[in-house]
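Remarks on the overall topology
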Amino acid sequence: EVEIKERKEIRRVGTALVITPSGDEGTILVGRDVSYARKDMGKPYGSLSLPMGFSKRGEGAKAILRVLQQEVFTDKLLENPAEFNRQAKELIDSLEPFMFIDIADVRVSVYHLELPQELSPLENFSSFKLKGFKFVGAEELLHTGDGVLLRQGMREIAQGYKEYRASLAEESEPQPFYIDSLFNQ
């Protein structure tokens, strides 16, 4: 499997956030993606999506911050950039990806971020790219019907998040794992 990962042509990298409200790690933040459709990337207009975007290799915290700025807390950033950046730095300081998923030619690092109580209410979320924010159960994403438009990789990330949570119960620091999206299979 390692050889396959190394040989595969990965042209770009991305960052996705599994954001959970304070005290409820079973539900994750999603929104409708109203940005430019990219069908070649498995991103049709209006699809249900996690906050995610392209990044540069090795960006880590900087990429997470950009996703928070553009896809989760745009209004908070615009209201008070210095305060937003201070709060965001505290939230993302020690985050490490729990999984990697290849979608088309993009290797996406997926992070889990549990929000503090004061940032958990839905009215805190704003973005030019995502609309209609809501928290849904990871299980719900796994069993959505054909009528629900999901961005590519959503089901696999939901399954990976469930596995990550289960591994947390068994290990104090589970190792990140790699999967290939159904889009690539």
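The shown structure was predicted, so the numbers you read here are calculated from the model rather than taken from an experiment.

In terms of residue burial, strand β6 (residues 106-114) counts as a mostly covered element, since eight of its nine residues are buried. Relative to β6, strand β1 (residues 12-20) runs parallel, the two being bridged by nine bridges. Of the residues in β6, the one forming a bridge with T20 is E114. Taken together, the five bridges between strand β5 (residues 99-103) and β6 define a ladder with antiparallel strand orientation. Bridge pairing links D102 to R107 in β6. What sits between β5 and β6 in their antiparallel hairpin is a turn of two residues, with A104 showing a positive phi close to 55°.

To continue, consider the side chain of E71. For E71, the location among the structural elements is in helix α2 (residues 61-71). Under the relative-accessibility criterion, E71 is labelled buried at 4%. In this structure the side chain of E71 is engaged in a polar contact, spanning 3.1 Å, whose partner is the backbone nitrogen of M52. Those residues in contact with E71, other than ones at most four positions away along the chain, are L50, P51, M52, G53, S126, S127, K129, L130 and F133.

Per-residue pLDDT for the chain averages 88, and the proportion of residues at 70 or more is 91%. Here helix α1 (residues 2-7) stands out as the element of the chain with the lowest mean pLDDT, 45, in contrast to strand β7 (residues 130-137), whose mean of 96 is the highest.

Counted by the stated rule, this structure contains seven aromatic pairs. Taken together, a centroid distance of 5.9 Å and an interplanar angle of 75° make the contact between F125 and F135 edge-to-face. Residue F125 is located in the loop between β6 and β7, and its partner F135 is located in strand β7; the two are separated by 10 residues in the primary sequence. Here F135 falls in the partly exposed class, since its relative accessible area comes to 22%. Ring pairs connect the aromatic residues F73, F84, F125, F133 and F135, which therefore count as one cluster.

Cut-offs used in this document
- Residues numbered from 1 in each chain as written.
- Predicted model: local features only at pLDDT ≥ 70, side-chain atom pairs only at ≥ 80, totals over all residues.
- Heavy atoms only, no water.
- Buried < 20%, exposed > 50% of the residue type's maximum accessible area, 1.4 Å probe, protein only.
- Helix = DSSP H or I, 4+ residues; strand = E, 2+ residues; numbered from the N terminus.
- Pairing = 2+ DSSP bridges.
- Polar contact = N/O pair within 3.5 Å; in protein donor to acceptor, adjacent residues only side chain to side chain.
- Contact = heavy atoms within 4.5 Å.
- pLDDT = per-residue confidence, 0-100.
- Phe/Tyr/Trp six-rings, centres within 6.5 Å; stacked < 30°, edge-to-face > 60°.

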